Amino acid sequence: MSLLPAVDVKELVRSKTDIVALIGETVALQPRHGGRLFVGLCPFHDDHNPSFNVNPERQSYRCWVCQEGGDCFSYVMAYEKVGFREALVSLANRAGVELPKQGPAERSHPDEKAQLLEALSWAEAEFHRFLTQGALAERARKYLRERHFTEQTIQDFRLGYCPEVWDWLIERGRGRFTADVLALAGLAKANAARAGHHDFFVDRVMFPIHDERSRVISFGGRILPDSRIENTGKYMNGTDTPVFHKSKVIFGFDKARHAIRKTGVAVVTEGYVDCIKAHQAGVLNAVGTLGTALTETHVSILKRSARRVVLVYDGDKAGKDAALRAIEKFLAQDVDLRILTLPDELDPDEFLDAHGVTAFEGLIEQAPEAWEYHLRHSLKAHGDSVDGRLRALDEMLNLLTIVPGMAGTVRENVLVARVAQRLNVREEVGRRRLQELRTGGASPSRRKLSADESPVADGSAARRAAIVSLQRHPRKDDLLESELLQILFTAPHTIGQIRQTVGIDDFHNEATRELLAAAYDLWDHGDTPDFSRVLSALECPHLKSLAVWIDDQAAARKLADQLTQDAVNRSNEAPQGDAADLCVDVFSGGLLQQVLKELQWRREVERQRSAQGRVAAQLESSSGLSPELRLLLEQQASFHQQRALKRVHSS
């Protein structure tokens, strides 16, 4: 087993992977400049003129059109649509590198996670045994019979029951699992009013939640209809734990994976009951979300096995609203997304009981594409008149302006053409109107998206859209932060001086801040944060792409030559005997010093803006000058003098 640190393992795999050979397996590459660069058609967009560059010296790639870029890991992640760990394993096997048996996150607390998984597996067996054999479980068995769950389904999905005894599971685990372990696993909870713990699930039918490897990682519980417990939700999922993250888990995927791969279709329901009833009826490619909205992680998992994803929503207003939200978020995804809302406000469980599996599968087969679903909704809302069609056109085109990552894509071009055709509008009219909506300012729905969703922290598509925006339309602050990163990548030994001056919070852009944090983290662990090491330390493909773009910007402006000339100039100006010191820190002046001063000045401007509010508040509340107020006024006076001098020098 490899004992190398995580970053070293990744760097070893990267160093043993010839990126030209790797990408050449899927893209026809042609050498340029004597083999210093290779070009080809980009595999990530509809490329007609070679815009995809592979740099063997830097072991990186970049498309100058769609802005995809990164290293060998991000290429495998993007091309094969897998996560970082899968890409690492694939490339390690290809390069003949032995990996640690567990990922970095698992290695931090291997015993703890193993113990939690053991406790969860034990609890599944206890709940299931009690449901099938316990005298106090008759109410639960009756409930499941009334919901038409068969004995075989109860066995296949290992359904269980936790009785109305508040320490039932804790007592059964006594001597084997402590209450603290059960609490960490999401099976127990600390008492609010007294010492000790009580069971997390009480008087609930239990639905085990498994990961892709069929390991129990949590539970969902449905309160019995006649329960005496008050003020509790009908359904309750386990809390997030070291082994369970609700937004990243697809219920039933371990059972549905084979059928999804065989059919190429994934049917996504909104909960575990609907998913289980679909399997019972024979819809074996059904999965469920756990009471949360579909996330990009869910879509990424499904895309590995399915080309078509059918989202099945309840037919009530809440289900229809959820469908429209999903369209806004996932329309740009490289997957055939279909939307099905069931008739008569039924949920899948009710529809299957009422109409059977043949009718259900028929609706799935006929489910409209996401854009078509939205168009039908718009026409129903606005009518089929000329005015209604124009309103529907604007609504559909506005949708394209707010979908992350949609602008300028082939998918957008096809959608504009299809929408125009459906509404009997000339395609060029639709394209012109889309451009008007884009350039005429953000619509209210677009502003809401920007306010409600952090573009970098939210999801993969939103993060990519934010990074592409930074590359294509950088603001002044973005350029300043990118320039410092260019210097750091070109001259990584300057990090000591940079670290003394610039903190992580001095960067405004979330993406550039993460790159700086990665460099600082390497430095803190004794590594020189050169471009290759930073690229290896990153796992997000979009951050890798940004790092490659920043490095390319530095190469295009020949930054290394500029910094070397700075060093030569300062060496010539230095007194005799100081040259050796300058060799150690040759960039204490010149371009780096300018960038550091700009960042320091930006920080000072922000500090003074903050101080203005405190000054105003104290002036209103004080009859005289307090020492603190006097100091603030003196600092502001000094600041205004500095700003005036700065304006004179810059004019």
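None of the values given here were measured: they were computed from a predicted structure. (Residues numbered from 1 in each chain as written. Predicted model: local features only at pLDDT ≥ 70, side-chain atom pairs only at ≥ 80, totals over all residues. Heavy atoms only, no water.)

**Focus on the pairing of strand 9 (residues 204–210)**
Rules: Note on classification: 1.4 Å probe, protein chains only; a residue is buried when its accessible area is under 20% of the maximum for its type, exposed when over 50%, partly exposed between these limits. Only DSSP runs of H or I covering at least 4 residues are called helices, and only runs of E covering at least 2 are called strands; the numbering of each starts at the N terminus. The pairing criterion for strands is at least two bridges between them, as found by DSSP.
Among the seven residues in strand 9, seven count as buried, and that is most of the element. Where strand 6 (residues 160–162) and strand 9 come together, three bridges link them in antiparallel fashion. Its bridge partner being in strand 9, Cys-162 is matched across the sheet by Arg-204. With seven bridges connecting them, strand 9 and strand 10 (residues 216–223) associate as antiparallel partners. The partner of Arg-204 across the bridge, within strand 10, is Ile-223.

**Some details on the packing of helix 23 (residues 476–490) against helix 25 (residues 510–524)**
Note the threshold: Every axis corresponds to a line fitted to the C-alpha atoms, with the helix fit spanning only the stretch in contact, and the corresponding angles, defined between N-to-C directions, vary from 0 to 180 degrees. When describing relative orientation, an angle under 35 degrees is termed roughly parallel and one over 145 degrees roughly antiparallel, while 65 to 115 degrees is termed roughly perpendicular and anything else oblique. Crossing handedness is read from the near helix: turned anticlockwise from the far helix by less than a right angle, it gives a left-handed crossing, and turned clockwise, a right-handed one. Contacts are assigned to residue pairs with any non-hydrogen atoms lying within 4.5 Å of each other. Classification used: nonpolar for Ala, Val, Leu, Ile, Met, Phe, Trp, Tyr, Cys and Pro, charged for Asp, Glu, Lys and Arg, polar for all others including Gly.
Put simply, helix 23 and helix 25 touch, their axes get as near as 10 Å, and they point 30° apart. Our classification of the angle between helix 23 and helix 25 gives roughly parallel. Judged by the sense of rotation from one axis to the other, the crossing of helix 23 with helix 25 is left-handed. Each of Glu-481, Ser-482, Leu-485 and Leu-488 in helix 23 lies in contact with helix 25, whose residues at this interface are Thr-512, Leu-515, Leu-516 and Ala-519. Taken together, the residues of the contact of helix 23 with helix 25 sort by class into five nonpolar, two polar and one charged.

**Description of the sheet that holds strand 15 (residues 336–341)**
Spatially, 13-12-14-15 is the arrangement adopted by the four strands of the open sheet, whose pairing is parallel. Either end of the sheet is taken by a strand with one partner, and the two such strands are strand 13 (286–288) and strand 15. Along the sheet, successive strands turn relative to each other by an average axial angle of 25°, direction set aside. Packing against the sheet, helix 14 (residues 317–330) makes contact with strand 14 (308–313) and strand 15, and its axis sits at approximately 170° to strand 15.

**Focus on the sheet that holds strand 11 (residues 235–237)**
Taken in spatial order, the four strands make up an open sheet running 6-9-10-11, and their pairing is antiparallel. The sheet is open, and its two borders are formed by strand 6 and strand 11, each paired with just one other strand. Strand-to-strand twist across the sheet, computed as the mean angle between neighbouring axes with direction ignored, equals 35°. Along the sheet, helix 12 (residues 272–281) contacts strand 9, strand 10 and strand 11; its crossing angle with strand 11, the most-contacted strand, is approximately 95°.

**What about the side chain of Ser-51?**
Tracing the chain through its elements places Ser-51 in the loop between strand 2 (37–40) and strand 3 (52–55). Setting aside residues no more than four positions away along its own chain, Ser-51 makes contact with Gly-40, Cys-42, His-45, Arg-62, Cys-63, Trp-64 and Val-65.

**Quick look at the packing of aromatic side chains**
The criterion, for reference: In this analysis, rings of Phe, Tyr and Trp, with Trp reduced to its six-membered ring, are considered paired at centre separations within 6.5 Å, and the interplanar angle assigns stacked below 30 degrees, edge-to-face beyond 60, and tilted for intermediate values.
Evaluated as defined, the whole model comprises 18 aromatic pairs. Residues Phe-52 and Tyr-75 carry aromatic rings whose centres are separated by 6.5 Å and whose planes lie at 55° to one another, so their mutual orientation is tilted. Of this pair, Phe-52 sits in strand 3 while Tyr-75 is found in helix 3 (residues 72–80), placing the two residues 23 residues apart along the sequence. By the burial criterion, Phe-52 is buried, and Tyr-75 matches it.

**Things to note about the pattern of salt bridges**
Filter applied, for reference: We define a salt bridge as a side-chain nitrogen of Lys or Arg found within 4 Å of a carboxyl oxygen belonging to Asp or Glu.
Within this structure, the stated rule accounts for 38 salt bridges. A salt bridge links Arg-338 to Asp-336, with the shortest nitrogen-to-oxygen separation between them at 2.8 Å. A relative accessible area of 13% places Arg-338 in the buried class. Residue Arg-391 pairs with Asp-387 through a salt bridge whose shortest N-O separation is 2.9 Å. Of this pair, Arg-391 and Asp-387 are both found in helix 18 (residues 386–402), four residues apart, which corresponds to roughly one turn of the helix. The class for Arg-391 is partly exposed, based on a relative accessible area of 47%. Classification of Asp-387 as partly exposed rests on a relative accessible area of 45%. Through salt bridges with shared partners, a single network forms among Arg-147, Lys-277, Asp-349 and Asp-353.

**Re the confidence of the model for the protein chain**
Note the cut-off: Scored from 0 to 100, pLDDT records how confident the predictor is in each individual residue.
Mean pLDDT over the protein chain: 82, with 83% of residues reaching 70 or higher. Least confident of the elements in the protein chain is helix 21 (residues 444–452), whose mean pLDDT is 34; most confident is strand 6, at 97. Predicted confidence for residues 103–110 stays below pLDDT 50, and this span has nine contacts to residues more than four positions away or in other chains. Contacts of residues 577–588 to residues separated by more than four positions or lying in other chains number 19 contacts, the stretch itself having pLDDT below 50.

**Brief notes about the nonpolar core**
So the rule is basically this: Grouping buried Ala, Val, Leu, Ile, Met, Phe, Trp, Tyr and Cys residues that are joined through side-chain atoms within 4.5 Å yields what is termed a nonpolar core.
Judged by nonpolar contacts, the single largest core of 47 residues is most densely connected at Phe-127, Leu-144, Leu-159, Leu-182, Leu-187, Phe-219 and Phe-251. Broken down by secondary-structure element, the contributors of at least two residues to this core are helix 6 (110–133), helix 7 (138–146), strand 6, helix 9 (168–172), helix 10 (179–184), strand 9, strand 10 and helix 12. Residue contributions to this core peak at nine residues, all from helix 6. Apart from residues lying up to four places away in sequence, Leu-144 is in contact with Leu-131, Phe-149, Ile-154, Leu-159 and Val-205. Within the second largest apolar cluster, 44 residues are counted, among which are Ala-322, Ala-326, Ala-392 and Leu-399.

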